[in-house]
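Examining the three-dimensional arrangement
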Amino acid sequence: MTNYKIIFTGPVGAGKTTAISSICDRPPLSTDKIASDMTRDVKKTTTVACDYGTVRLSGGDCLHLYGTPGQERFDFMWDILTSGGIGLVLLLDNTRANPFQDMDFFLEQFQDFINQTQIAIGVTQMDRKSVPCIDDYHNHLSKQGLTIPIFDVDARKRQDVSLLIKALLFSLDPGLIENND
Amino acid sequence: MDNHTSPVKIAALGMEQRTYSTLQLFFHEHCKDSYVLVEENSADISIIDMDGFQARRMLEEHKKHYPNQPSILISLSHDKAHDAVYIRKPIMLEALSSALLKAKERLQQSTIKAPTLKTPTVETTPQLQMTATPPETAAPLLRNNNNVAHNHDSHKTAGQEKSSSKHFNQYRYSANFLTEDADLEQINTKLAENFNPDNPIQTAKFQYQPEQTLQGYFQQAYFTALQTQQNVLLKGVWRPITILHKSKQLRVEKNFRHLYALSGMLFDKSDVSITILDNSVDCEPRLHETVLPAEPFLWKLAMRTSRGRVPADTNFTAPIKLIRWPNFTRTIITPHALRIAALWAKQPTSLMDTASYLSVPLQHVFIFYTAAVSLNFVTPVMTEKNHAAAALPPANRHRYRKIFQNLLERLRNN
Ligand SMILES: Nc1nc2c(ncn2[C@@H]2O[C@H](COP(=O)(O)OP(=O)(O)OP(=O)(O)O)[C@@H](O)[C@H]2O)c(=O)[nH]1
Ligand SMILES: [Mg+2]
């Protein structure tokens, strides 16, 4: 049996815990705490250590989903967390003050990992704030010469999160055989 | 029935809402309201969709209650067992118009012979039974659109022709009366199995001219709005469409779905206008209107116009590069779209090579390409001398392919 992992990252409240819960087998182990100080006015709870969920695969293999804690923006553990990971899902909250800055920050932090693997980006909370639109994110990325799957995602919707992971998987290997979606 | 003043009353039976709305639009826009849709019990003529579940039973019932009412049967099959005017799907404008004229003639004959025409009766009047003559004028139009090539005329490509019929305002209706999702399934992917990009007769079969379609006009209006940073008004036989440049949305009538059904028609330039609106013009939606995101609208319109074909200027062997991923959570995922997008993002690949590398039908590649190119999401990679760039060997399989495959399976199953 081998373990594989996908890392979910993004700023506070982007929906990492929610996204992981919406696709893993059981409720994920989250070390959410009542938020204090800076996070409190944004949301009631925040993940302080890590989110962790699993998806059992046929043949006894297991996929692990790790979510980085949102409020720790500079984590020396990230490198360890990502080692052996198969790809990165970056969630961005469209209601935050400067989501492009968030995007640039995480792209830079995980640059090596992304270069070795692939990334898919989900922009959440677009139902609450529709600007910037997905096109604006693409324009921002294309200035850096990047072509990345970016979707409008509601972390509470399994289908949206699942599509994000599919885009990640096909980006890793377009030769995968699709199963009729 | 009064020929000149009151419209002929038509009952549309066994039809889903979209087909019904398309007929409604057709009567209104093209027949100048000389026909009107009514309930079965007050109709002069009935049009019955024979492909529905229980259509036969419905027809029997209908014949029992309204034995004298001329009927037009529409169906995908050749079946002419019934004594009625027959039209085969996809329905062409002329076929439908001539069927209506024929039914109207019969109605007039039967009115003379049987004044109690509209009274429901269980008896059958033999002399009023219709003969199963298919409309002659429709015969040449019953061809499958995808099989028709017009390589002699650069303005005509497969599946689209401008009608010469004055009666229908020079437009030919070739959109088929099918459900939206069925449209994709309808595509006979076997047609392109032996496709040879060097054979002009074959390439003409799989190409179309978007310029004179609603897709083409909409595209033009949309990019005008983006470039000029002003709202744009698009007018034609359809109700006006306003493109709102800032929010990349369009303002249309609430019943906008019938616009997709116009995807198979050609419109003359002189009948379409694209106007850049002054920023002071109020573009708030009216009561009967709604606002939609423009990208998924154009995506779907192009996909439907494509029907497995590509725009006429498409290079079949140039590598295609993905510039932008479509927002797949909010856009129709055409068959194999995620894989094709991922491949073109990773490594530009020609349409032909994409189909063989991914082992997918060429027409599915065509549909994705057409939708994506309409929004400038993809582009062919050309050399400086404007030749197609050389193709690279396909990427290797990922060492975890088996795991990924398992995971895909899991994502689908729950
Ligand atoms: N309206 C709306 N709410 C969303 C969306 N996506 C997620 N949420 C909600 O946003 C809240 C924050 O989500 P979390 O999953 O806790 O965010 P997180 O990224 O784990 O946050 P931290 O652990 O603090 O970094 C939850 O209440 C979600 O239900 C969305 O697209 N729209
Ligand atoms: Mg969390």
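Up top you'll find the structure we're talking about.
Section: the pattern of salt bridges
In total, this model carries 14 salt bridges over all chains according to the counting rule given. Between Lys248 of chain B and Asp135 of chain A there is a salt bridge; the shortest N-O distance is 2.3 Å. Here the residue Lys248 of chain B occupies a position in the loop between β8 (241-244) and β9 (249-253), and Asp135 of chain A occupies one in helix α6 (residues 134-142), the pair thus bridging two chains. Put simply, Asp135 of chain A together with Lys248, Glu295 and Arg324 of chain B are held in one network by salt bridges that share partners.

Describing the interface of chain A and chain B
Tallying the contact residues gives 43 residues for chain A and 36 residues for chain B. Where chain A abuts chain B, roughly 3,800 Å² becomes buried across the two surfaces, and 59% of that area is made up of carbon and sulfur atoms. Viewed at the interface, chain B and chain A are joined by five salt bridges. The partner of Arg330 of chain B in a salt bridge is Asp152 of chain A, and the shortest N-O contact between them spans 3.2 Å. Elements that contribute at least two residues to the side of chain A that touches chain B include exactly β1 (3-9), β3 (45-56), α6, β7 (150-152) and α7 (158-172) of chain A. The dominant element in the side of chain A that touches chain B, judged by the number of residues it contributes, is α7 of chain A, at 11 residues.

Quick word on the sheet that holds strand β4 (residues 71-75) of chain B
Residues and elements named next belong to chain B. One open sheet holds the five strands; their spatial order is β2-β1-β3-β4-β5, and the pairing between them is parallel. Edge positions in the sheet fall to β2 (35-37) and β5 (85-88), since each of these pairs with one other strand and no more. Each strand of the sheet is rotated relative to its neighbour by a mean of 25°, with strand direction disregarded. Where strand β1 (residues 8-13) meets β2, three bridges bridge the pair, whose relative direction is parallel.

Some points on the pairing of β8 of chain B
Residue and element names in this part refer to chain B. Of the two faces of β8, the one carrying Ile241 and Ile243 and the one carrying Thr242 and Leu244 are both buried. Once strand β7 (residues 232-235) ends, the chain turns through five residues before running back antiparallel as β8. Pairing between β8 and β9: three bridges, direction antiparallel. Bridging from a neighbouring strand, Leu244 pairs with Gln249 of β9. The turn linking β8 back onto β9 is made up of four residues, and Lys248 within it adopts a positive phi angle of 50°.

Observations concerning the sheet that holds strand β11 (residues 289-293) of chain B
The strands making up a sheet associate through backbone hydrogen bonding, with each pair oriented either parallel or antiparallel. Residues and elements named next belong to chain B. Strand order across the open sheet formed by five strands is β10-β7-β8-β9-β11, with antiparallel pairing between neighbours. Looking along the sheet, the strands with just one partner apiece sit at the ends: β10 (273-276) and β11. Across the sheet, the mean angle separating the axes of adjacent strands is 20° when strand polarity is ignored. Where β7 and β10 come together, four bridges link them in antiparallel fashion. Each residue of the ladder has a partner; that of Val232, found in β10, is Ile276. Here helix α6 (residues 214-228) sits on the sheet in contact with β7, β8, β9 and β10, set at roughly 165° to β7. Strands in contact with helix α8 (residues 294-306) are β9 and β11; relative to β11, the strand with the most contacts, it is inclined by about 85°.

Concerning the pairing of strand β6 (residues 119-124) of chain A
Residues and elements named next belong to chain A. Burial within β6 is extensive, with six of its six residues counted as buried. Burial along β6 is two-sided: Ile119, Ile121 and Val123 facing one way and Ala120, Gly122 and Thr124 facing the other are all buried. Where strand β5 (residues 85-93) lies against β6, six bridges are found, and the strand directions are parallel. Residue pairing in the sheet places Leu91 in a bridge with Gly122 of β6. Where β6 meets β7, three bridges bridge the pair, whose relative direction is parallel. When the sheet's bridge partners are listed, Ile121 is paired in β7 with Ile150.

Thresholds, definitions, all that
Residues numbered from 1 in each chain as written. Chains lettered and ligands numbered in written order. Predicted model: local features only at pLDDT ≥ 70, side-chain atom pairs only at ≥ 80, totals over all residues. Heavy atoms only, no water. Salt bridge = Lys/Arg side-chain N within 4 Å of Asp/Glu carboxyl O. Helix = DSSP H or I, 4+ residues; strand = E, 2+ residues; numbered from the N terminus. Contact = heavy atoms within 4.5 Å. Buried area = accessible area lost by both parts, 1.4 Å probe. Pairing = 2+ DSSP bridges. Axes fitted to C-alpha atoms, helices over the stretch in contact; angles between N-to-C directions. Buried < 20%, exposed > 50% of the residue type's maximum accessible area, 1.4 Å probe, protein only.

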